[in-house]
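Working through the structure, step by step
Residue-level listing of the chains:
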Amino acid sequence: MTALTVNGRPVNFAMDPRTPLLWALRDAANLTGTKYGCGEGDCHACTVIVDGEALRSCIVTLAEAEGRYVTTIEGLSRDRSHPVQQALVAEQAIQCGFCTPGIAMAAAALIAKNSDPSEDEIKAAIPNLCRCGVYPRLVRAVQRAGRVARRVERISAAPAPGISAEDAADEVPAMAAPDGDRGE
């Protein structure tokens, strides 16, 4: 049995110690925010924070994670109040969202160590692949998150999870039917 702390809670995994941490988190702990992208550690979609370091969970085994502290996107902030989450939304640095959890985790690890990173430091710390190409906005978002972390700037809260389609359509007219009718 492999023991580690996930999102602040002690967890024992009764799985083969050679199992990638990614699959333990997704399949055994039902923490599906950590995404499977390539399985080779190249895309960084599966990035989690392990003892303060952004690591690719597809290439870290349970045995390597034993006794360590793991934070997934679910543990970063339940109410989306983490500066990185706020800045990604505010800077519209999210498109399809598949790579977003890994990017957010890499950015959070960076901001925890250096809340005023240069553009080059951001690019080095966040090598995540994004098919949607949010890179310029991503740099701005991480710089903004740093300002929020330093308490130089504030960002209004992101909407709470679970917004209804009708409420979303009111907020984002493009989600409404072309004639303005929502089919009610």
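Just so it is clear, the structure is predicted and the values come from calculations on it, not from any experiment.

Below, the discussion takes up the pattern of salt bridges. As enumerated under the stated definition, the model contains 9 salt bridges in all. Its salt-bridge partner being Glu119, residue Lys123 comes within 2.9 Å of it at the nearest N-O pair. With Lys123 and Glu119 both in helix H6 (residues 119-125) and 4 residues apart, this pair spans about one turn of that helix. One salt-bridge network, held together by shared partners, links Glu91, Arg140, Arg144, Arg147 and Glu153.

When you tally the buried positions in strand E1 (residues 2-6), you get 4 out of 5 residues, the bulk of the element. Inspection of the sheet shows E1 paired to strand E2 (residues 9-13) by 5 bridges, in the antiparallel sense. Its bridge partner being in E2, Leu4 is matched across the sheet by Val11. Hairpin connection between E1 and E2: a loop of 2 residues separates the two successive antiparallel strands, and Asn7 in this loop has a positive phi of roughly 55°. Bridge count between E1 and strand E5 (residues 69-71): 2 bridges; the pairing is parallel. Each residue of the ladder has a partner; that of Thr5, found in E5, is Tyr69.

Our next topic: the sheet that holds E1. The 5 strands lie next to each other as E2-E1-E5-E3-E4, forming an open sheet whose pairing is mixed. Only two strands of the sheet have a single partner each, and these edge strands are E2 and strand E4 (53-56). Taken pair by pair, the neighbouring strands of this sheet meet at an average axis angle of 40°, ignoring direction. Relative to the sheet, helix H1 (residues 21-28) contacts E1, E2, strand E3 (47-50) and E5, its axis offset from that of E3 by approximately 100°. Contacting E3, E4 and E5, helix H5 (residues 100-113) runs over the sheet at an angle of about 35° to E3.

Enumeration according to the criterion identifies 1 cavity of 30 Å³ or more in this entry. There is about 50 Å³ of room inside the largest cavity. If you trace the largest cavity, you find it lined by Leu88, Ala93, Ile94, Gln95, Cys96, Gly97, Cys99, Thr100, Ile103, Cys130, Cys132 and Val134.

Its boundaries defined by the atoms lining it, the largest pocket holds a volume of some 420 Å³. Sorting the residues of the lining of the largest pocket by element identifies helix H3 (73-76), helix H4 (83-90) and H5 as the ones contributing at least two each. In terms of residue class, the lining of the largest pocket is made up of 7 nonpolar, 4 polar and 3 charged.

A separate point is the state of the cysteines. The final tally for this structure, using the stated rule, is 0 disulfides. The thiol of Cys38 is unpaired, and the distance to the nearest cysteine sulfur, on Cys43, comes to 3.8 Å. Owing to a relative accessible area of 27%, Cys38 belongs among the partly exposed residues under this scheme. No disulfide involves Cys96; its sulfur sits 3.8 Å from the nearest other cysteine sulfur, which is in Cys132.

Our focus in this paragraph is H5. Its 14 residues give H5 an end-to-end C-alpha distance of 20 Å, which sits within 8% of 20 Å, the value for a rise of 1.5 Å per residue. Across the 14 residues that make up H5, a large majority, 12, are buried. What H5 keeps buried is the set Thr100, Pro101, Gly102, Ile103, Ala104, Met105, Ala106, Ala107, Ala108, Ala109, Leu110 and Ile111.

With respect to the element layout, Gln85 can be found in helix H4. Setting aside its immediate chain neighbours within four residues, Gln85 contacts Ile73, Leu76, Ser77 and Arg80.

The rules behind the values
Residues numbered from 1 in each chain as written. Predicted model: local features only at pLDDT ≥ 70, side-chain atom pairs only at ≥ 80, totals over all residues. Heavy atoms only, no water. Salt bridge = Lys/Arg side-chain N within 4 Å of Asp/Glu carboxyl O. Helix = DSSP H or I, 4+ residues; strand = E, 2+ residues; numbered from the N terminus. Buried < 20%, exposed > 50% of the residue type's maximum accessible area, 1.4 Å probe, protein only. Pairing = 2+ DSSP bridges. Axes fitted to C-alpha atoms, helices over the stretch in contact; angles between N-to-C directions. Contact = heavy atoms within 4.5 Å. 1 Å grid on protein atoms, 1.4 Å probe; cavity = no way out; pocket = protein on both sides within 12 Å on 5 of 7 lines; lining within 4 Å. Points joined across faces, edges and corners; volume = space filled by probe spheres on them. Nonpolar A, V, L, I, M, F, W, Y, C, P; charged D, E, K, R; others polar. Disulfide = S-S within 2.5 Å. Expected span 1.5 Å × (residues − 1).

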